[in-house]
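Notes for the structure review
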Amino acid sequence: MNDTLTLFNDPTATDDQKRKHLVQYLKLGLTRYIAKTEAAKDLQISFSPGEATVSDSSGTRVKNDPWNYWVYQFGANGGFNGNENSRSNSLYGYFNADQETENWKTDINISANKSADFFKDSTGETKFERKNYSAGFSVAKSINKHWSVGFTSGYQNNLYSNIKSGYALRPRLEYSLFPYSKFNTERIVVQYYLGPQYNIYYDTTIYFKTREWQVQQSISIITSFNKPWGNINLGIFWSNYFDDLSKNDLSFNGAVNWKIAKGLLFGIYGNYGLIHDQIGLRKGEATRDQLLVNNRELLSSFQYNFGVGFSYRFGSVSNNIVNPRFKGLNYSINF
């Protein structure tokens, strides 16, 4: 006998609640097998009414969702530090709202990030500020098992990139080689974006612009495969401006990890990009202080990062006990 059960976790659930939910479904899935063994005489089944349900158009019983599939999340953090010669402070906050159904996907996001560094010397105190405000709204509509359409729009204020106000609107189209239902195991998609953007700059750019309209297009090929031995994620991303095709960006990104042996995992990741589209760069030379604190974007024709790593876990397979004695202060917070 073969059977498959599918469960979905509440996005607000804790790890403990997710584990209990999984155990519940494991018990449910094992029931039909136990029923054909001698252990069936000791099996007891009980039922506790859950949330109210309604029927959809096909007559299937579904949960009544008062949030209409919307999930909201917000957070903030801040801090400051210093000594006799320098000090710094930072503040960050965000808000996300997402709705996903079989045919529609909607995303709203807002974030604000601001920080400042202060340095003292014989001439006084110097301040270096960083700030980045952004907002975005995107919608996607499923056409069939392989095609989707939609659009994305956004706003940004980025002092590092010399953008005082940036607005973008891009319709988009996606084709999936495999049916979308297989995205958890195998995925090859081609995405195309095309649309206008309008930038107002803090300072005059290297192209002697204080503001400008541009039309940008981008093409992406993204692949991912999840297998028992590990997973592969690769992507190629291209974009260019229509007024000058030499203003373009090409990047290659990827990560692979696999199980070498029981308990031994190895991974490799990296990306390499060819950059020719820094249209917002400030005119004039950067000062030595700006270079040291890295609060101004500089001209570069490429960028890259690369890394490898491994982990090995061994020991008792029966050790599932948590003993908190003498644990001390040990915590982490994910914002």
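Given the structure is predicted, the values throughout are model-derived calculations rather than measurements.

**Describing the overall build of the protein**
When helices and strands are counted, the protein shows two helices and 14 strands. Here the protein holds 335 residues, and 22% of them are scored as buried. Within the protein, contacts between residues separated by at least 24 positions form 49% of all contacts whose residues are at least 6 apart in sequence. Roughly 24,500 Å² of accessible area belongs to the protein as shown, and the carbon and sulfur atoms make up 56% of that amount.

**Section: the pattern of salt bridges**
Within the structure shown, the criterion is met by eight salt bridges. Ionic pairing is found between aspartate 16 and arginine 19, a salt bridge with its closest N-O pair at 3.8 Å. Residue aspartate 16 and its partner arginine 19 are located together in helix α1 (residues 15–34), separated by three residues, close to a single helical turn. Owing to a relative accessible area of 36%, aspartate 16 belongs among the partly exposed residues under this scheme.

**Some details on unusual backbone geometry**
Phi is mostly negative for residues that are not glycine, and the peptide bonds are mostly trans. A positive phi angle is found at asparagine 68, which is not glycine, with a value near 55°. Assignment of secondary structure puts asparagine 68 in the loop between β2 (61–63) and β3 (70–82). The backbone of phenylalanine 208 shows a phi angle near 60°, a positive value even though the residue is not glycine. Mapped onto the fold, phenylalanine 208 is located in the loop between β9 (186–201) and β10 (211–227). Residue phenylalanine 208 is classed as exposed on the basis of its relative accessible area of 63%.

**Points about the pairing of strand β6 (residues 124–142)**
Sheet topology places strand β5 (residues 104–121) next to β6; 18 bridges connect them, and they run antiparallel. Bridge assignment links aspartate 121 to a residue of β6, and that residue is glycine 124. Between the end of β5 and the start of β6, which pair antiparallel, lie two residues. Note: β6 against strand β7 (residues 147–158), eleven bridges, orientation antiparallel.

**A short note on a nonpolar patch on the surface**
A cluster of nonpolar residues, Val190, Ile219, Ile221, Ile236, Phe252, Tyr272, Leu274, Phe302 and Tyr304, forms a patch on the protein surface that exposes about 780 Å² of accessible area. Sorting the residues of the nonpolar patch by element identifies β10, β13 (264–275) and β14 (302–312) as the ones contributing at least two each. The topology assignment puts valine 190 in strand β9.

**Re the packing of aromatic side chains**
All told, the structure shown has 13 aromatic pairs when counted by the stated rule. Summarising the aromatic geometry, the rings of phenylalanine 137 and phenylalanine 151 are spaced 5.8 Å apart at their centres and angled 55° between planes, so their arrangement reads as tilted. Pair noted here: phenylalanine 137 is in strand β6 and phenylalanine 151 is in strand β7, with a separation of 14 residues, a long-range link. For phenylalanine 137, a relative accessible area of 32% gives the class partly exposed. Relative to tyrosine 167, the ring of tyrosine 155 has its centre 5.3 Å away and its plane inclined at 50°; by these criteria the two rings are tilted. Remark: tyrosine 167 occurs in strand β8 (residues 163–176) and tyrosine 155 occurs in strand β7; sequence separation between them is twelve residues. Just above the ring of tyrosine 207 sits the side chain of lysine 247; from NZ or CZ to the centre is 4.3 Å.

**Re the side chain of threonine 106**
By the secondary structure assignment, threonine 106 is in strand β5. In contact with threonine 106, not counting residues within four places along its chain, are Trp70, Ala97, Asp98, Gln99, Phe137, Ser138 and Val139.

**Focus: the environment of glutamine 197**
Position of glutamine 197 relative to the elements: it lies in strand β9. Classification of glutamine 197 as buried rests on a relative accessible area of 9%. Sequence separation between glutamine 197 and glutamine 216 is 19 residues; the distance between their C-alpha atoms is 7.4 Å. A polar contact of 3.4 Å, which involves the side chain of glutamine 197, links it to the side chain of tyrosine 241.

**Digging into the sheet that holds β5**
The twelve strands lie next to each other as β3-β4-β5-β6-β7-β8-β9-β10-β11-β12-β13-β14, forming an open sheet whose pairing is antiparallel. Because the sheet does not close on itself, it has two edges, and the strands there are β3 and β14. Taken pair by pair, the neighbouring strands of this sheet meet at an average axis angle of 10°, ignoring direction.

**Re the environment of glycine 280**
If you trace the backbone, glycine 280 turns up in the loop between β13 and α2 (288–293). Residue glycine 280 is classed as buried on the basis of its relative accessible area of 10%. Considering only alpha carbons, one finds glycine 280 and tyrosine 207, 73 residues apart in sequence, at a separation of 8.3 Å.

**Quick word on the confidence of the model for the protein**
Low-pLDDT portions of the prediction should not be read for the details of their coordinates. In the predicted model, the protein carries a mean pLDDT of 86, and 90% of its residues have values of at least 70. Across residues 331–335, where pLDDT falls below 50, the model places three contacts with residues more than four positions away in sequence or in other chains.

**Focus: the environment of glycine 154**
Note that glycine 154 resides in strand β7. By relative accessible area, glycine 154 is classed as partly exposed at 29%. In this structure, the C-alpha to C-alpha distance between glycine 154 and serine 134, residues 20 residues apart in sequence, is 7.3 Å. The residues touching glycine 154, leaving out its near neighbours within four places in the chain, are Ala135, Gly136, Gly166, Tyr167 and Ala168.

The rules behind these values
Residue indices follow the written sequence of each chain, beginning from 1 at its first position. With the structure being a predicted model, the display of local features is reserved for residues of pLDDT at least 70 and the display and counting of side-chain atom pairs for 80 or more, all residues being used for whole-chain, interface and lining totals. Here the side-chain values reflect all heavy atoms present in the structure, with hydrogen atoms and water set aside. Helix and strand assignments come from DSSP, with helices taken as H or I runs of at least 4 residues and strands as E runs of at least 2, each series counted from the N terminus. Note on exposure labels: buried denotes an accessible area under 20% of the residue type's maximum, exposed denotes more than 50%, and partly exposed covers the range between, all computed with a 1.4 Å probe on protein chains only. Residue contacts follow a heavy-atom distance rule, with two residues in contact if any of their heavy atoms lie within 4.5 Å. Here the open area of atoms and residues is found with the Shrake-Rupley method and a 1.4 Å probe, where only the protein chains shown may cover a residue. Salt bridge criterion: a side-chain nitrogen from Lys or Arg within 4 Å of a carboxyl oxygen from Asp or Glu. Pairing between two strands is assigned when DSSP locates at least 2 bridges connecting them. By definition, no residue in a patch forms a salt bridge, and every one has over 30% relative accessible area; like charges are joined within 9 Å, nonpolar side chains (Val, Leu, Ile, Met, Phe, Trp, Tyr) within 5 Å. Here the aromatic set is Phe, Tyr and Trp, taking the six-membered ring for Trp, and pairing holds for ring centres within 6.5 Å; pairs whose planes are under 30 degrees apart are stacked, those over 60 apart are edge-to-face, and all others are tilted. Whether a charge sits over a ring comes down to the Lys NZ or Arg CZ being within 6 Å of the ring centre and within 35 degrees of the ring normal. For this analysis, a polar contact is any N or O atom pair within 3.5 Å, provided that within protein one partner can donate a hydrogen and the other can accept it, and provided that sequence-adjacent residues contribute only side-chain to side-chain pairs. Axes here refer to lines fitted to C-alpha atoms; in helices the fit is confined to the stretch in contact. Angles between the N-to-C directions go from 0 to 180 degrees. pLDDT expresses, on a scale from 0 to 100, how confident the predictor is about each individual residue.

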